[in-house]
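Given next are the chains, with one letter for each unit.
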Amino acid sequence: MTHNDIKKKILIVMTGGTIAMRYDVGEGVVPSDDLVNSIRSFPQLDEVAEINVHEFSNIPSPHMTPERMFELAKFVDISIIDYDGVVITHGTDTLEETAYLLDLVLTTRKPVVFTAAMRSGNEVGLDGPRNIIGAVRVASHPDSLDNGVLVVMNDEIHTARDVVKADTGMLNSFISQGNMSLGIIDNADVIFHRKSMHKEKIWTEKIDKNVDLIKATVGMDDRYIQASIDKKAHGLVIEAFGKGNLPPVLVPAIKRAIEAGIVVIIVSRTYTGRVLPEYGYDGGSISLVDIGALLGSDLRGPKARIKLMCLLGRYESADLVKKFY
């Protein structure tokens, strides 16, 4: 008997986003109840799994907050006990951050799969239903077990850690940054090319949202770092140039931030690659490490911020957090 002979029990958790929106002539693209009311009638879903649907929220993804992300994680961890897997529909704008937070904090090994849509419900060629069906196929597949949180878009399977939204509107907007996708959905077949190799868990009862993100630009001054100090941020992620280098004018402010107890993480503003302690000039990555900044490997700013929120929520002490870098 193959896995296709046994219907899995899958919970679809809806949070909102374009996948749950329609175009209104007077208002533009706005939230709608159409999807939650119609999803149970998708005939293709009946062929794949036994489906239950829960509407967690119906918000545009820019309205998502760290607190809501963490509430979603707690809901999934409890609900999945009664299911073989969970599919989460989400808006595309902040999907990668929510998916990564769940990837870090969930305790379950069962499949959790995010999906979304680039087109609203009454556009020609809408992609939402196909993405949902593909996500349910992946959540039902045995090879999805213990693979971390996954993202299914445009018939491709990505890890939550790698995936980014790389275009504002194309159907193939979601890509695995620096890596090939984990696999594909080819008609009814789920095909994994590889396993998720990078697995990191931060099992925490709370998160600390008091973490700022600053992007380096040519000729910038230290006003944004000083604002983080003045507002008593607990963490600060800086998207630096290249392999982790910054204008020298920022170094004294970063030192002040670290002396004030702020955990400072340096990542790159480039699209792929790691930050490394390579350059020794004033403002170079070596000089930043020397004053106490931490290097965030190949994570980009938004996800490095999510990780630091989870670490600070779990450990609170800056000295303990530093042991994870």
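Just so we're clear, the structure is a prediction, and the values are computed from it rather than from any experiment.

Asks: I tried to follow the overall build of the protein chain on my own but got confused; where do I start?
Replies: Regarding its fold elements, the protein chain presents ten helices and 16 strands. Against the 2.2 N^0.38 benchmark of 20 Å for 325 residues, the protein chain shows a C-alpha radius of gyration of 21 Å, consistent with a compact globule. If you line up the protein chain on its principal axes, its C-alpha atoms span 60 × 50 × 35 Å. Of all 325 residues assigned to the protein chain, the portion counted as buried reaches 51%. Nonlocal contacts in the protein chain, meaning residues at least 24 apart in sequence, comprise 74% of its contacts between residues at least 6 apart.

Asks: Would you mind going over the nonpolar core with me for this structure?
Replies: In a soluble, globular protein the nonpolar side chains are often hidden away together inside. Ranked by size, the top nonpolar core spans 48 residues in total, and within it I88, L101, L102 and F114 carry the most contacts. Elements with a contribution of two residues or more to this core: β1 (8-16), α3 (66-79), β5 (85-89), α4 (95-105), β6 (112-115), β7 (150-153), β15 (263-268) and α9 (301-315). Beyond its immediate stretch of four places on either side in the chain, L102 contacts M69, L72, A73, V76, I88, F114, V149 and K201.

Asks: How should the pattern of salt bridges be read in this particular structure?
Replies: Opposite charge on two side chains lets them pair, provided their charged atoms get close. Summed over all chains, the structure comprises eleven salt bridges. Linking D155 and R130 is a salt bridge whose minimum nitrogen-to-oxygen distance equals 3.0 Å. Separated by 25 residues along the polypeptide, D155 in the loop between β7 and β8 (156-159) and R130 in helix α5 (residues 128-139) bring together distant segments of the chain. Across the pair D298 and R161 runs a salt bridge whose closest N-O atoms are separated by 2.8 Å. Here D298 is found in the loop between β16 (294-295) and α9, whereas its partner R161 is found in the loop between β8 and β9 (163-165), with 137 residues between them in sequence. The exposure class of D298 is partly exposed, given its relative accessible area of 31%. Owing to a relative accessible area of 12%, R161 belongs among the buried residues under this scheme.

Asks: How should I be thinking about the sheet that holds β8 in this particular structure?
Replies: Working definition: the strands of a sheet are paired by backbone hydrogen bonds and lie parallel or antiparallel to each other. A sheet is described by the order of its strands in space; here eight strands give the open sequence β4-β1-β5-β6-β7-β8-β11-β12, paired in mixed fashion. Each edge of the open sheet is held by one strand with a lone partner, namely β4 (49-59) and β12 (189-192). Taken over all neighbouring pairs, the strand axes of this sheet differ in orientation by 25° on average, direction set aside. In this structure, β8 lies alongside strand β11 (residues 183-186), joined through two bridges in antiparallel fashion.

Asks: Would you mind going over the packing of aromatic side chains with me for this structure?
Replies: The description of an aromatic ring pair rests on the distance of the ring centres and on the angle between the ring planes. Counting across every chain of the model gives three aromatic pairs. Both rings, one in F56 and one in F75, keep their centres 5.9 Å apart while their planes meet at 50°; by these two values the pair is tilted. Here F75 lies in helix α3 and F56 lies in strand β4, a separation of 19 residues in the sequence. According to the relative accessible area criterion, F75 is partly exposed, its value standing at 23%. When the ring of Y279 is compared with that of Y281, the centres are 5.7 Å apart and the planes differ by 50°; the resulting orientation is tilted.

Asks: Help me understand the packing of α3 against α4 in this model?
Replies: For any two helices packed against each other, one specifies the crossing angle of their axes together with the interaxial distance. At their nearest, the axes of α3 and α4 sit 9 Å apart, and the two run at 50° to each other. Considering their axes alone, α3 and α4 lie oblique with respect to each other. Once α3 is placed against α4, the crossing between them reads as right-handed. Where α3 abuts α4, its residues M69, F70, L72, A73, V76 and D77 lie against E97, T98, L101, L102 and V105. Across the contact of α3 with α4, the residue classes tally to eight nonpolar, one polar and two charged.

Asks: In this structure, what is going on with the pairing of β1? I would like to understand it.
Replies: The side chains of a regular strand alternate, first on one face of the sheet and then on the other. Judged by how many residues are buried, β1 sits mostly within the fold: seven of nine residues are covered. As paired strands, β1 and β4 are joined by eight bridges and run parallel to one another. Residue pairing in the sheet places K8 in a bridge with A49 of β4.

Asks: What is the right way to look at α5 in this model?
Replies: Spacing of three or four residues puts side chains on the same side of an α-helix, whose turn is 3.6 residues. Between its first and last C-alpha, α5 extends 16 Å over twelve residues, near the 16 Å set by a 1.5 Å rise per residue. Counting buried positions over the twelve residues of α5 gives ten, a clear majority of the element. Within the sequence span of α5, burial applies to G128, N131, I132, I133, G134, A135, V136, R137, V138 and A139.

Asks: How should I be thinking about the sheet that holds strand β13 (residues 211-215) in this particular structure?
Replies: Ordered by their spatial adjacency, four strands build an open sheet running β13-β14-β15-β16, and the pairing between neighbours is parallel. On the outer flanks of this sheet lie β13 and β16, each paired with one strand and no other. Bridge count for β13 against strand β14 (residues 235-240) is five bridges, and the pairing is parallel. Note on β14: the bridge partner recorded for V211 is G235. Those strands touched by helix α6 (residues 223-230) are β13 and β14, and its axis lies near 175° from that of β13.

What counts, and where the lines are drawn
Residues numbered from 1 in each chain as written. Predicted model: local features only at pLDDT ≥ 70, side-chain atom pairs only at ≥ 80, totals over all residues. Heavy atoms only, no water. Helix = DSSP H or I, 4+ residues; strand = E, 2+ residues; numbered from the N terminus. Rg over C-alpha atoms; globule rule 2.2 N^0.38 Å. Buried < 20%, exposed > 50% of the residue type's maximum accessible area, 1.4 Å probe, protein only. Contact = heavy atoms within 4.5 Å. Core = buried A, V, L, I, M, F, W, Y, C linked by side-chain atoms within 4.5 Å. Salt bridge = Lys/Arg side-chain N within 4 Å of Asp/Glu carboxyl O. Pairing = 2+ DSSP bridges. Axes fitted to C-alpha atoms, helices over the stretch in contact; angles between N-to-C directions. Phe/Tyr/Trp six-rings, centres within 6.5 Å; stacked < 30°, edge-to-face > 60°. Parallel < 35°, antiparallel > 145°, perpendicular 65-115°, else oblique. Left-handed = near helix turned anticlockwise from the far one by under 90°. Nonpolar A, V, L, I, M, F, W, Y, C, P; charged D, E, K, R; others polar. Expected span 1.5 Å × (residues − 1).

Just geometry here; none of it tells us what the structure is for.
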